[in-house]
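# What the coordinates show
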Amino acid sequence: MKIIKTLTLRGPNYWSIRRRQLIVIRLDLEELADRPSNEIPGFYEGLRSALPSLIEHYCSPGCRGGFLQRLDKGTYMGHIVEHVALELQTLAGMQVGFGRTRETASPGRYNVVFEYLEEKAGRYAGRAAVRMCRSIVDRGSYPKSELEQDLRDLKELWAQAAKGPSTTVLIKEAEARDIPWMPLAARFIIQLGYGIKQKRLQATMSDRTSILGVELACDKEGTKRVLENAGVPVPQGTTISYLEDLEDAIASVGGYPVAIKPLDGNHGRGITLEIEDWSEAESATHAAIEASKSKKAIVERYYRGRDHRVLVVNRKVVAVAERVPAHVVGDGKSTISELIDETNRDPARGKGHDNVLTRLEVDRTSLQLLDRLGYTLDSIPKKGQFCPLRATANLSTGGIAIDRTPEIHPENIWLCQRVVKIIGLDIAGLDIVTEDISQPLRETEGVVVEVNAAPGFRMHVCPSQGIARNVAAPVLDMLFPPGTSSRIPIIAVTGTNGKTTTTRLIAHIFKQTGQTIGYTTTDGTYIGDYMVEKGDNTGPQSAELILKDPTVEVAVLETARGGILRSGLAFDGHDVGVVLNVAADHLGLGDINTIEQMAQVKGVVAEAVRPEGYAVLNADDPLVVGMAKRLQGKVAYFSMHSDNQILQRHVEKGGLAAVYEEGYLSILQGDCLLRIEEAVQVPLTMKGRAPFMIANALAACLAAFAQGVAIEHIRAALSSFVASTAQTPGRMNLFDLGDFSALIDYAHNPHSYEALAGFVRNWPGKRIGVVGGPGDRRDEDFVTLGKLSAKMFDRIIVKEDDDTRGRPRGDAADLISEGIEATESDCRYEKILDETEAIETALDMASKDSLVVVLPEIVSRAIRLIEARQPQVRDKYSRSD
């Protein structure tokens, strides 16, 4: 048993529209292919002993212990690996439950699909599950030490991937509001929303956070001076760089007690409070300067009172917490060291910010504080004795939080909001020392100690005592006020043929509205009028590039089969999903072996349409029509036939449609007929002679209309969009070469050959074809291409792609030739494997009024060869026509 391949799916996908984070393992069971679990001695007992918690798995029986019932009666190893991978993640703290296992067309090979929360942990869990099952098959058990190591590794991977408590609560709030999010590639920045509607967060700093405000807040002494000048109560203090300045500094603030802290520190590092003598002050100064980036320390008057954090978002107080320093409370029988160990056994405590609370750690400050009480770590404090381990109350050093939000005095609310405006922050945490937050600071001699940019949310979201506050909500309200969308229109286009042309036409239509359009195609990624990246960019990475760009107002995304299978969609849902057709192409690849399975893959684009959006479906294709049964959004049909029964019934019910009727491209909705343009006036349709281009145009018009684009804009786009090398390279590019014409089209499968034939057969002169196909297609597909070519052309040159995709050189050409010979046709053919030579030969043999049709591997090369034949070459169907 071995893993052949592992895929990660991060969006709506072939296996699940809703479960968007899935690992897919291609598993070869080898000698276990024909051995269900009940035929493997000791396997049931061994697995149940290794993972007794599998009893919680319901599986198909639908009850507790259901999976174990299946295991006992006999199930195959792929299914078992699925459940083990899920359980290992669950035991490591990642709650996952979705899984699927399906046998492929290759005997003994399975696709094992299971949910993950963190990709590296998910992949590890898959490998560990295979290891465990293999061990139980071979030895009847899985060593406990190995399981413990697996779980430690998984927990570590989960901890390493943790985004921090503040970021996590903001993401959860965004998800609750249906706001999409994605991580950017640097500095732990999270993008909320798409395109021009996006906002960005880095922990609790937003793209609205003023850099001047952050710089001022990080300068503690500068902040204090600004606030003092504004009449805000702040601690008396001064800044020093050298130990020899310490004595004067202490005197300048009125003597002991004092607090010494770094000028620009954070998380309570290097801070010492309530210093009462020179020795302690000297040691504290060394610690503060060491923790300071600028190597400076602040010496302040120490103010006794309780430590409070006031959180201000969008200049409104949203939460207040009292922070109690890390401590233990005596029980009269345990040492302080034992009390610390007992406290740290609390599962809520962990390292850093990942848990609700942080583990207690002992350092120099802890020993000094205990010494003041006459204690050491071996002392046994009396019952109820409060034993501080930190002078500061930061949660990151083991402190706890008590919610005091209802108690803050209105005057203190006013003061805090005023302070944040003075500093210039959108999100800020104020540290206030006062005996009673319910009284005005001026009456309790309270002070504003610090103003913090990027304040932590943990103490408010998970207080040790009191009510948890949803402090993420006001942040999201600030970034996306009620009535503000976080999304841009997304139009996804798929199908076997016509995707690129339709994508480009939809983008061209939307350009008429004056918006910036980002679109992806098989020849490149574009934003506005410019190419961003060249290449076959029809997968999720290219889509993400568009959705992350802050200038894009509308996204039009060509969405190919391969990307859906390998990674899923890059977006959680879209507004319009266009499915042009489903035909026999790419079969036998990626475990998609039938046209029905291919329809299921393409159907992801329709099924992922949001409830208020439209799936634009081809009413002339039964496989596409069948997708309507699985939609969560609305449906709109297009058809080349006004008498199409599916379309007619849909329109009678008030549905939206587009149809080719009486020579016009028209929109139908209920009793309303809107004629957009006559087909002969649309350059893309080759003066109405290319039916498949009419169908593409119908789909594009319907998609744009469903998204609210005016008919005037659609009509203007149709009249100005040409099947040229500039707008649709390799898609029905017709060249006038004087005595004869040449056509370049990227037809590469039987369906596209048939569509092309509708135009070529009507050509009045001799028809010469340069034909071939991608090497990874099935043998029968090449034979079919040969048969279709023989019915389309008078003369054929069979060539091969430079990249044979694993086929022996000449094999594909032989199969196409076999198809030609099997057809009762008068056409003549020859084989010239080199594409450049084949094109040149076809152009040389062209007679007057003939048509040379080139179906190239590399479109740009074919265009160069044809353009070289005439200095002033132009596309035949250009705008000037």
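This text goes with the structure placed above it.
Residues numbered from 1 in each chain as written. Predicted model: local features only at pLDDT ≥ 70, side-chain atom pairs only at ≥ 80, totals over all residues. Heavy atoms only, no water.

This part covers the packing of aromatic side chains. Each aromatic ring pair is specified by the distance between its two centres and by the angle formed by the two planes. A complete count under the given rule lists 3 aromatic pairs for this structure. Pairing Tyr519 with Tyr526 gives two aromatic rings, centres 4.9 Å apart and planes at 10 degrees, and the pair type is stacked. The exposure class assigned to Tyr519 is buried, which follows from its relative accessible area of 6%. Measuring from centroid to centroid gives 6.4 Å for Phe759 and Trp763, while their planes differ by 55 degrees, and the two rings are tilted. Across this residue pair, the class does not change: Phe759 and Trp763 are buried. Note that Arg131 overlies the ring of Tyr124, its terminal NZ or CZ placed 5.8 Å from the centroid. Of note, Arg675 hangs over the ring of Tyr664, and the distance from its end group to the ring centre comes to 4.5 Å. (Phe/Tyr/Trp six-rings, centres within 6.5 Å; stacked < 30°, edge-to-face > 60°. Buried < 20%, exposed > 50% of the residue type's maximum accessible area, 1.4 Å probe, protein only. Lys NZ or Arg CZ within 6 Å of the ring centre and 35° of its normal.)

Moving on: the pattern of salt bridges. Tallying each qualifying case throughout the model produces 57 salt bridges. Across the salt bridge formed by Asp523 and Arg504, the nearest N and O atoms sit 2.7 Å from each other. Linking Asp523 in the loop between strand S23 (517–521) and strand S24 (524–527) with Arg504 in helix H17 (residues 499–511), this pair joins segments that are 19 residues apart in sequence. For the residue pair Asp523 and Arg504, the accessibility class agrees, reading buried in each case. Here Asp802 makes a salt bridge to Arg861, at a shortest N to O gap of 2.8 Å. Residue Asp802 is found in the loop between strand S36 (795–798) and helix H27 (811–821), and its partner Arg861 is found in helix H29 (residues 859–867); the two are separated by 59 residues along the sequence. Note on Asp802: relative accessible area 42%, which makes it partly exposed. Overall, Arg861 belongs to the buried group, its relative accessible area being 15%. Among the charged side chains, a network of salt bridges with common partners joins Lys220, Glu221, Lys224, Lys261, Glu300 and Glu450. (Salt bridge = Lys/Arg side-chain N within 4 Å of Asp/Glu carboxyl O. Helix = DSSP H or I, 4+ residues; strand = E, 2+ residues; numbered from the N terminus.)

Looking now at the environment of Asp178. Within the element layout of this structure, Asp178 appears in the loop between helix H6 (165–176) and strand S5 (181–183). On the accessibility criterion, Asp178 (35% relative accessible area) is partly exposed. Excluding residues that lie within four positions of it along the chain, Asp178 makes contacts with Ser486, Arg487, Asp572 and Arg610. (Contact = heavy atoms within 4.5 Å.)

Residue Pro257 follows Tyr256 across a cis peptide bond; omega there is 0 degrees. Mapped onto the secondary structure, Pro257 falls in the loop between helix H9 (246–252) and strand S10 (258–262). One non-glycine residue with positive phi stands out, namely Asp178, at about 60 degrees. With a phi angle near 50 degrees, Glu662 is a residue other than glycine that sits in the positive phi range. Along the chain, Glu662 falls in the loop between strand S30 (656–661) and strand S31 (664–669). For Glu662, a relative accessible area of 67% translates into the label exposed.

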